[in-house]
Amino acid sequence: MNDLKNQIETLRKTIFKIYENRPRNDRENQEDSFKLFIKAALNIQLQLFIARYKGYGLSEAETVQCIVIRSSLFEITQKEMDECDSKALAMAVLQYVDTVAANPVYTDVLSLLLESIMLVGKNGNGLAQFLTPPWLAGYLSELMPMQNTDKPFMVCEFCCGAGTLLLAPLALMMSRNPHHAKNATVIANDIDPIMCCTTALQVVTNTVVHDVDLCEFTQHCSDVITEWKDGKAYPIRFKTPAKVFEARARIREEKLRACGYYEIFDEPETIKLSSLIEARSAS
């Protein structure tokens, strides 16, 4: 836990450098630094997400069918780039990816960081935002029924904030049964665009960095009271195609063969014996 806290604090310091020299007050510079970091990181991870699907053999047409991206929520203006320290921005994105990679899958890296930069001192003014502490989300996830089944399930959070209440049950699920991820459909919504981007970033980055696929993920950005039933277009959605799961299973089988796993344990009935094993059996 201390390692994660140190990693987050290092990331915070780097993020603050993004607009450190801009002639505005520190609070505004720090908030805008965080917003730009989130949008830049999300743009990059979505591009890597698309490349990952293509790496598993999906065509351009198949990829377009599986991933919906409406980028207006996280577009970056030329003015934002002109005023920022681009080296600090790039370093912040790299540090974030390294932090995700260094921790268990679906670890909540950004909620405490977002809260301390964007919400502390505002006393809930504006949208009355108060984020769920990760420790509380962890306890609540123990109570969720999907932790005791391997059937398809759905996790929804209509005021998702930074995604804490979505990440906690997914993290617990992965610690118990990593193969259960393919059964998870995740739906997130928030009225605040930066919250939506943060949640989407955490989910997508874990997919890319840890090479784990949910069944489906949809990020909405709406007022859940007045807009939810209006069919407002969601900014991000992906549904993992069977072709990806099949490719991953094939890669896993090839790795098991390469390390001699099937020479020690029985092969699955659906797998045809390799010529090498057939020759050994004959002799």
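Predicted model only: the values in this text are computed from it and were never measured. (Residues numbered from 1 in each chain as written. Predicted model: local features only at pLDDT ≥ 70, side-chain atom pairs only at ≥ 80, totals over all residues. Heavy atoms only, no water.)

All right, on to the confidence of the model for the protein then. Per-chain confidence: the protein averages 87 in pLDDT, with 88% of residues scoring 70 or above. For the protein, per-element mean pLDDT is lowest for helix 12 (residues 275-282), which scores 42, and highest for helix 5 (residues 86-102), which scores 97. Considering only residues more than four positions removed or in separate chains, one finds that residues 271-283, a stretch of pLDDT under 50, has 13 contacts. (pLDDT = per-residue confidence, 0-100. Helix = DSSP H or I, 4+ residues; strand = E, 2+ residues; numbered from the N terminus. Contact = heavy atoms within 4.5 Å.)

What follows concerns the pairing of strand 4 (residues 216-221). Among the six residues that make up strand 4, six are buried, leaving the element largely enclosed by the rest of the structure. Alternating positions in strand 4 separate into two faces, Glu216, Thr218 and His220 on one and Phe217, Gln219 and Cys221 on the other, with burial throughout. The pairing of strand 3 (residues 184-190) with strand 4 spans six bridges and is parallel. Looking at the pairing, Ala188 lines up with Gln219 of strand 4. As for the winding sense of the linkage, the β-α-β connection from strand 3 through helix 9 (residues 193-210) to strand 4 is right-handed. Where strand 4 lies against strand 5 (residues 236-239), four bridges are found, and the strand directions are antiparallel. Along strand 5, the bridge assignment pairs Thr218 with Arg237. (Buried < 20%, exposed > 50% of the residue type's maximum accessible area, 1.4 Å probe, protein only. Pairing = 2+ DSSP bridges. Right-handed = clockwise from strand over helix to strand, strands pointing away.)

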